[in-house]
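Chain by chain, the residues run as shown.
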Amino acid sequence: MIEVKQSKLGDGGEFNRGVFATVDIAKGTLIHQAPVVPYPNEDHEHVEKTILEDYVFEYGANHTAILLGYGSLINHSYEPNATYDINFDNHTFDFYAYTDIKAGEEIVINYNGEEDSMDPLWFLDDYEERMLEFNKSNDDKGEKETNPQSQDTDTSK
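All figures in this text were calculated on a predicted structure; none of them were measured in a lab.

Caption draft 1: Main features of a nonpolar patch on the surface. Taken together, Phe-15, Ile-51 and Leu-52 make up a surface patch of nonpolar side chains, about 280 Å² in accessible area. Here Phe-15 shows up in the loop between strand 1 (2-6) and strand 2 (17-21).

What follows is the structure, encoded as structure tokens:
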């Protein structure tokens, strides 16, 4: 149902990955259950010294969690097509389709925790510019699908 591929949302670095749908996913469908490795917030100062700092989630009031599986590879958008619930009983983050998602579409969540939150993100100065490029890329893909005379010149497939 999902796979990890190169994302257009990143900065082009070696870890420029995202999670993509391999099939059409209906709104409300459980996409992925990511197991968590929680740790107390007071231990976060150690994690801040590593690359893992960019991949953690709040896990209740007193803990932070590293998500296993695909969970930490899902990118951010202010127009998310996915959402998540924290399942403390199962120690998972459960990701659901917030909208219908087409095969090939990148799965994105709002890192602020609520789908409609427009709070500024803490880590990217050029985020809005990259989102405009991402949305233009998706708009172009939609035009290609609806315009049979459009030529696909993407050789990365």
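Caption draft 2: Representation of the sheet that holds strand 1. Spatial strand order, 1-2-9-6: 4 strands in an open sheet with mixed pairing. Either end of the sheet is taken by a strand with one partner, and the two such strands are strand 1 and strand 6 (75-76). Looking at chain direction, strand 1 and strand 2 are connected through 5 bridges and run antiparallel. Counterpart to Ile-2 in the pairing with strand 2 is Ala-21.

Caption draft 3: Representation of the packing of aromatic side chains within the structure. A full pass over the atoms with the stated rule returns 6 aromatic pairs. When the ring of Phe-57 is compared with that of Tyr-84, the centres are 5.7 Å apart and the planes differ by 85 degrees; the resulting orientation is edge-to-face. With Phe-57 in strand 4 (residues 56-58) and Tyr-84 in strand 7 (residues 82-87), this residue pair connects regions lying 27 residues apart in the sequence. When its relative accessible area of 17% is taken as the criterion, Tyr-84 is described as buried. Between the aromatic rings of Phe-57 and Phe-93, the centroid separation amounts to 5.2 Å while the plane-to-plane angle is 65 degrees, which identifies the pairing as edge-to-face. With a gap of 36 residues between them, Phe-57 in strand 4 and Phe-93 in strand 8 (residues 92-97) connect regions that are remote in the sequence. An aromatic cluster is present here, built from Phe-57, Tyr-59, Tyr-84, Phe-88, Phe-93 and Phe-95 joined pairwise through their rings.

Caption draft 4: Region of the structure containing the pairing of strand 8. Burial analysis of strand 8 places 5 of its 6 residues in the buried class, which makes it a mostly covered element. Bridging between strand 3 (residues 30-40) and strand 8 involves 5 bridges; their strand directions are antiparallel. Within strand 8, the residue paired with His-32 across the bridge is Phe-95. For strand 7 and strand 8, the ladder comprises 6 bridges, and the chain directions are antiparallel. Paired with Thr-83 across the two strands is Tyr-96, which belongs to strand 8. A loop of 4 residues connects strand 7 with strand 8, the two strands running antiparallel in sequence, and His-91 in this loop sits at a positive phi of about 55 degrees.

Caption draft 5: Seen up close, the nonpolar core. One finds Ile-25, Ile-31, Leu-67, Phe-93, Phe-95 and Ile-107 to be the most contacted residues of the largest nonpolar core, which totals 21 residues. Once residues within four sequence positions are removed from consideration, Ile-107 is found in contact with Ile-2, Val-19, Phe-20, Ala-21, Ile-25, Ile-31, Ile-74, Asn-75, Asn-81, Ala-82 and Ile-101.

Conventions and cut-offs
- Residues numbered from 1 in each chain as written.
- Predicted model: local features only at pLDDT ≥ 70, side-chain atom pairs only at ≥ 80, totals over all residues.
- Heavy atoms only, no water.
- Patch = residues over 30% accessible without salt bridge, like charges linked within 9 Å, V, L, I, M, F, W, Y side chains within 5 Å.
- Areas by Shrake-Rupley, 256 points an atom, 1.4 Å probe, with all protein chains shown as cover.
- Salt bridge = Lys/Arg side-chain N within 4 Å of Asp/Glu carboxyl O.
- Helix = DSSP H or I, 4+ residues; strand = E, 2+ residues; numbered from the N terminus.
- Pairing = 2+ DSSP bridges.
- Phe/Tyr/Trp six-rings, centres within 6.5 Å; stacked < 30°, edge-to-face > 60°.
- Buried < 20%, exposed > 50% of the residue type's maximum accessible area, 1.4 Å probe, protein only.
- Core = buried A, V, L, I, M, F, W, Y, C linked by side-chain atoms within 4.5 Å.
- Contact = heavy atoms within 4.5 Å.

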